[in-house]
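Here are the chains, one letter per residue:
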Amino acid sequence: MDKNDQCLLDIIEAHSGLLVRGTHLDCIRAYVQKRMNELHMDFTAYCRLLIDAPAELSLVIDEAAINETYFFREYRQFEYIRDRLFPEYAGRHMIIWSACCSTGEEPVSLAVLARSCGIDADIYASDIDVSALTVLRTGLYTQGAFRTDGSSFHHILEEYGSHEAGSYTINNEILNSIHVSEYNLAGTDPGPVPEESADLVFVRNVFIYFTKKTQDAVIGRLARYLRPGGLLFFSMSEIAGIDVGRTELPLIKEHCGSVYFFRKVDPDAFAVYHRGRDCSSGSEASAPVERKTGKLPAAQRPSAAVTRRPSDTIPSEISVPGSDGVPLLVLGGQILAAIDRHELGKARKLLASCSCSPAELEYRFYYSAVITKEEGKYGEAAELFLKASLLNSAFWPASLQLGLLYEQQGNEKKALKAFSECAKILEKYIEEQKTCYNFLVESFSPSYFYTLCTVYIEKGKKHAV
């Protein structure tokens with residue numbers, strides 16, 4: 001990447017929080033060159049214009065945002081909302097915010113679904129891309145807004161719109177029910193909804209544009225707009241890499257089958273929800289439980305067979321071991337906990353103090369790779385994850401992390417290969433009902449990651465055509 005590219009990307013990130021990755025940089029270069037030719041400017045003059053003219057900068061930022069969306073995208077989330085969430089709001093008013101709505105297929109999907117379920121809801125839609133919002137305001141969509149994913153909900157759209165000559169137009173009653181506004185999620189301006197008012201917030205398929213620091217700031221901002229009990233949805237391909245464990249945010253991760261989301265809890269309330277609680281109606285796991293301040297009696301503590309992080313069952317501090325060291329699998333939970341708190345120096349110290357048998361070397365490479373990834377050394381982290389997977393071909397967490405890392409870097413070919421390999425391993429792992437690696441992925445189920453892999457594989461194959 002030359003100095004001109006870096007200068008351009010720095011301007012885009014400084015004013016929008018967006019990162020441009022992979023082949024999309026070529027599109028930005030082409031667009032900027034086109035504008036420079038039209039305005040008869042060299043690159044230095046055009047950069048000054050971007051800084052001084054918000055309207056011109058807005059055009060470039062619009063080009064930097066990839067508006068890939070369609071109706072009822074990731075339909076399982078909409079099934080959960082229809083079958084589980086909306087029944088809880090029968091007879092009550094809801095506020096729903098699509099926080100990065102692009103051309104509006106997402107808020108339209110939410111609006112027609114709420115209407116068809118008899119839910120009284122105010123739908124808010126916002127995006128940084130002004131031209132994309134124009135599509136939503138007109139309500140005119142091409143057939144590209146309809147995909148196989150989400151097709152089970154398309155009959156609802158027929159009730160609130162009309163097809164003509166390869167296009168689809170949303171009825172005015174739906175358009176008028178959606179509050180549309182320009183909003184930069186990575187900025188500091190007040191959002192379109194009052195704080196602690198939103199029952200449901202969707203912010204999907206945008207975190208690939210943000211640095212980890214910006215991601216944390218965005219999640220903190222979104223949490224403020226959720227009411228206690230409100231839900232925050234990310235894309236299936238994003239939520240696996242989102243961890244609020246080392247923050248003070250009142251968010252807990254929950255799931256219903258393969259559908260994962262965050263719920264905002266009331267920090268002043270006496271009752272909290274189990275992390276990763278089951279969604280079955282009336283089940284013991286889905287009921288609120290009292291906050292515990294003391295330790296459980298030894299007889300009631302979780303057994304080692306429970307699939308959770310080892311740090312849940314071992315002391316929070318261990319003295320520095322002798323020459324033999326503490327077994328790596330014993331200290332693994334403390335290493336992950338230190339990484340969660342972003343205490344990377346402590347995590348490396350703990351890892352260095354561990355003893356490790358030849359049969360467990362994949363864990364050492366894995367933990368080292370996670371630390372290295374948090375340090376921003378993505379190339380080195382990828383090599384370590386690859387070594388871990390080569391040492392143990394059944395060690396699917398390494399293949400999964402490798403795929404997520406390649407996806408984050410925009411390397412679609414390598415990501416597709418890693419996710420394909422991970423899906424094969426997971427299929428056998430799930431079939432044999434194994435649990436030996438579950439503690440590495442917290443409350444996520446192996447079935448969730450299998451679904452994530454297959455979703456990416458389908459997407460990758462379509463892009464390769």
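Residues numbered from 1 in each chain as written. Predicted model: local features only at pLDDT ≥ 70, side-chain atom pairs only at ≥ 80, totals over all residues. Heavy atoms only, no water.

## Things to note about the overall build of the protein
Which entries qualify depends on this criterion: Helix and strand assignments follow DSSP, with helices taken as H or I runs no shorter than four residues and strands as E runs no shorter than two, numbered in order from the N terminus. The rule is simple: take the accessible area with a 1.4 Å probe, protein chains only, and divide by the maximum for that residue type; under 20% is buried, over 50% is exposed, in between is partly exposed. Working rule for contacts: check all heavy atoms of both residues, and any pair within 4.5 Å makes them a contact. Accessible areas in this description were obtained via Shrake-Rupley with a 1.4 Å probe; residue shielding takes into account the shown protein chains only.
Each helix and strand in the protein was counted, giving 18 helices and 14 strands. Burial statistics for the protein: of 465 residues in total, 49% are counted as buried. At a minimum sequence separation of 6, the contacts of the protein that also span at least 24 residues come to 69%. Only carbon and sulfur atoms are counted for the fraction: they give 52% of the accessible area of the protein, which is about 22,300 Å².

## Looking at the environment of I95
Mapped onto the fold, I95 is located in strand β1 (residues 93–98). With 27 residues separating them along the chain, I95 and D122 place their C-alpha atoms 5.0 Å apart. Leaving out residues up to four positions away in the same chain, I95 has contacts with D122, Y124, V193, S197, A198, D199 and L200.

## Brief notes about the sheet that holds strand β2 (residues 120–127)
Note the cut-off: Strand pairing follows a simple DSSP-based rule, namely that at least 2 bridges must link the two strands. Fitted lines through C-alpha atoms give the axes, limited to the stretch in contact for helices. The angle between two N-to-C directions lies from 0 to 180 degrees.
With respect to topology, 7 strands assemble into an open sheet ordered β6-β2-β1-β7-β8-β10-β9, the strand pairing being mixed. Looking at the sheet topology across the chains shown, the edges are occupied by β6 (178–182) and β9 (251–256). Across this sheet, the average inter-strand angle for adjacent strands is 20°, counted without regard to direction. Of the strands in this sheet, β1, β7 (198–202), β8 (226–233), β9 and β10 (259–264) touch helix α10 (residues 212–225), which is tilted by about 135° from β8.

## Quick look at the packing of aromatic side chains
Keep this limit in mind: Pairing of aromatic rings covers Phe, Tyr and the six-membered ring of Trp, with a centre-to-centre limit of 6.5 Å; geometry is then stacked below 30 degrees between planes, edge-to-face above 60, and tilted otherwise. In this analysis the charged atom, NZ for Lys or CZ for Arg, is taken to sit over a ring once it is within 6 Å of the ring centre and within 35 degrees of the ring normal.
What the rule picks out here adds up to 28 aromatic pairs. Ring centres 5.9 Å apart and planes at 90° place the aromatic pair F234 and F262 in the edge-to-face group. Residue F234 is found in the loop between β8 and α11 (236–239), and its partner F262 is found in strand β10; the two are separated by 28 residues along the sequence. Since its relative accessible area comes to 0%, F234 is described here as buried. Connected via pairs of aromatic rings, a cluster forms that spans Y260, Y363, Y366, Y367, F385, F395, W396, Y429, Y437, F439, Y448 and F449. Over the ring of Y89 we find R92, and its NZ or CZ is 4.6 Å from the ring centre.

## Things to note about the sheet that holds strand β3 (residues 140–142)
Pairing is antiparallel in the open sheet, where 3 strands are placed in the order β3-β5-β4. Since the sheet does not close on itself, it has two edges, and those belong to β3 and β4 (161–164), each with one partner. Across the sheet, the axes of successive neighbouring strands diverge by a mean angle of 25°, strand direction being ignored. Two strands pair when backbone bridges link them, and β3 and strand β5 (residues 167–170) are joined in this way by 3 bridges, in the antiparallel orientation. Within the sheet, the bridge partner assigned to L140 lies in β5 and is T169.

## Some details on the pairing of β8
By the criterion of burial, β8 is predominantly enclosed, with 6 of the 8 residues buried. Two elements, β7 and β8, share 4 bridges in a ladder whose sense is parallel. Bridge pairing in β8 places A198 opposite L226. By the bridge criterion, 2 bridges tie β8 to β10 in an arrangement that is antiparallel. Bridge pairing in β10 places L231 opposite R263.

## Quick look at the confidence of the model for the protein
The test is simple: Residue-level confidence of the predictor, termed pLDDT, takes values from 0 up to 100.
Summarising the model, the protein shows a mean pLDDT of 79, and 80% of its residues fall at 70 or more. Here residues 280–324 scores under 50 on pLDDT; set against residues more than four positions off or in separate chains, the count is 51 contacts.

## Considering the pairing of β10
With 6 of 6 residues buried, β10 lies mostly within the body of the structure. Burial of the side chains of β10 extends over both faces: V259, F261 and R263 are buried on one face and Y260, F262 and K264 on the other. The turn linking β9 back onto β10 is made up of 2 residues, and G257 within it adopts a positive phi angle of 65°.

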